[in-house]
Amino acid sequence: MRRREPEGHGPVRYGPPFPADGLPVLPELAARLAAAEHHGEAQPAGGDPALLEAACGYWTRRSLPCTPDHVTLAPGAPPLLLALTAALAGDHGDLLAPRPRAAWWAPVTRLLGRRLFPVPTPADSGGIPDPYALLETVRRVRAEGGDPKLLVLSVADDPTAAVALPELLHETVEAAAAEGLHVISDETWRDTLHDPRDTVLVSPAGILPDHVTVVADLAGSLLPAGWPAAVARFPDTGAGEDAHARVLDVLTALGARLAAPVAAAARYALDEPEPVTARREATTALHAKLAAAAHRTVLTGGALAPPPQAGRHLYADLGPLREPLAARGVRDAQELEDFLTARLGMPAPGGHRFGDDLGALRVRLSTASLLGGTDEDREAALAAPDPTELPYTRDALLTLRSVLDELRDDTARWEPPR
């Protein structure tokens, strides 16, 4: 990931990669894709009836029942969010989002010429804005002539890997509804909980269903990242029906349709047959172990990071190592990104890419980067009782530890005696 100045298109084209699982494609998915390869046509905008039925089944199994005329699919989450924003925010509506936030939200907003206002998040509940900070931000935006219409949030977060506390989520969603905001809930990572028995995940659509549209990128747990497909579920209201129709208009205008082979794979995955669910569980368990090991390494090295609860990433704060980093010419998140990417040999996108402060020394680390470089290495990690003991993964963790230990030791040498 080469450095680019803030101007121009660099922050988008050279933005952080999606936290993919790093594994070979599930054979059953590959077979569905290959079986449809002779179909050259695209799906109708939003998806054909069979695909929509599969999407409804997916949401219904998560206690979010729906009918096919209240779901839509698009070739990836960014075009879906673009269509939702265009449909739900009106001609000049503004968006609000937590800080930090998923890297792909802001470019879509800018592309439509809309403004996105950040709202602080509590330290233990990334992805969900603080309700009081949300109310204050809405008040300030309106006082300055803005027109806030949408709140985008994530209950299982990228980049922080946190899962929203249900109590906080209730307060935030109710505050948003009281201010007339429609909520877009990004639930891409909802099926990747590291400890599903002890982690409670609540969807905003289960709290105030008439005020929430739910989206999920299927690359979170069902499809490879290179097969773009995302799904949205709309409220079962007249306003939800209108929004669904407008989204279909936008997707049609964009030509944003799923290719037939990807649609075939998506339909199979959304039905969640045993091979898909078994791979998802094994993949989640693998990345949970990798994230826990990386988290321990980060803390031992003198940095900070919230405990990763979902996804395939963690969010490290190297603020306690600021002095030795400054001695190496690292004073902001972009310079930290450059430094760690070079030293670790893997992408380490800075927090500024996720809307965080440029001056904060934070990075997102992807656990897929800890896997081996070949399909055989990665298959071995998937089957291993302790993947951190495999040579490639052990070496990657040792490299991370050595870089942080060097910085921590320098910090200790510079501390005045007590």
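Residues numbered from 1 in each chain as written. Predicted model: local features only at pLDDT ≥ 70, side-chain atom pairs only at ≥ 80, totals over all residues. Heavy atoms only, no water.

Participant: Is there a simple way to think about the pattern of salt bridges in this case?
Facilitator: Opposite charge on two side chains allows them to pair when their charged atoms are near. All told, the structure shown has 20 salt bridges when counted by the stated rule. We note a salt bridge from Asp147 to Lys149, for which the minimum N-O separation is 3.9 Å. Taking the shortest distance from any N to any O, the salt bridge between Asp158 and Arg364 comes out at 3.0 Å. Of this pair, Asp158 sits in the loop between β4 (148–154) and α7 (166–178) while Arg364 sits in strand β9 (residues 362–366), and the two are 206 residues apart along the sequence. For Asp158, a relative accessible area of 7% translates into the label buried. For Arg364, a relative accessible area of 3% gives the class buried. If you follow the salt bridges from partner to partner, you end up with Arg61, Arg62, Asp191, Glu272 and Arg280 in one network. (Salt bridge = Lys/Arg side-chain N within 4 Å of Asp/Glu carboxyl O. Helix = DSSP H or I, 4+ residues; strand = E, 2+ residues; numbered from the N terminus. Buried < 20%, exposed > 50% of the residue type's maximum accessible area, 1.4 Å probe, protein only.)

Participant: Can you help me understand the domain arrangement of the protein in this one?
Facilitator: Quite often, the size of an interface is put as the accessible area lost when its parts meet. Annotation of the protein at the domain level lists domain 1 (27–272) and domain 2 (275–412). A separation of 27 Å is found between the C-alpha centroids of domain 1 and domain 2. Of all residues in domain 1, Pro159, Ala161 and His194 give up the largest surface area on contact with domain 2, accounting jointly for 27% of the area buried on that side. Where domain 1 touches domain 2, the interface holds four salt bridges. Between Glu272 and Arg280 there is a salt bridge whose closest N-O contact spans 2.8 Å. The tally of links between domain 1 and domain 2 comes to 15 residue pairs in polar contact (both at pLDDT 80 or more). Looking at the side of domain 1 that touches domain 2 residue by residue, the classes come out as 13 nonpolar, six polar and eight charged. (Domains from an automatic or database assignment. Buried area = accessible area lost by both parts, 1.4 Å probe. Polar contact = N/O pair within 3.5 Å; in protein donor to acceptor, adjacent residues only side chain to side chain. Nonpolar A, V, L, I, M, F, W, Y, C, P; charged D, E, K, R; others polar.)

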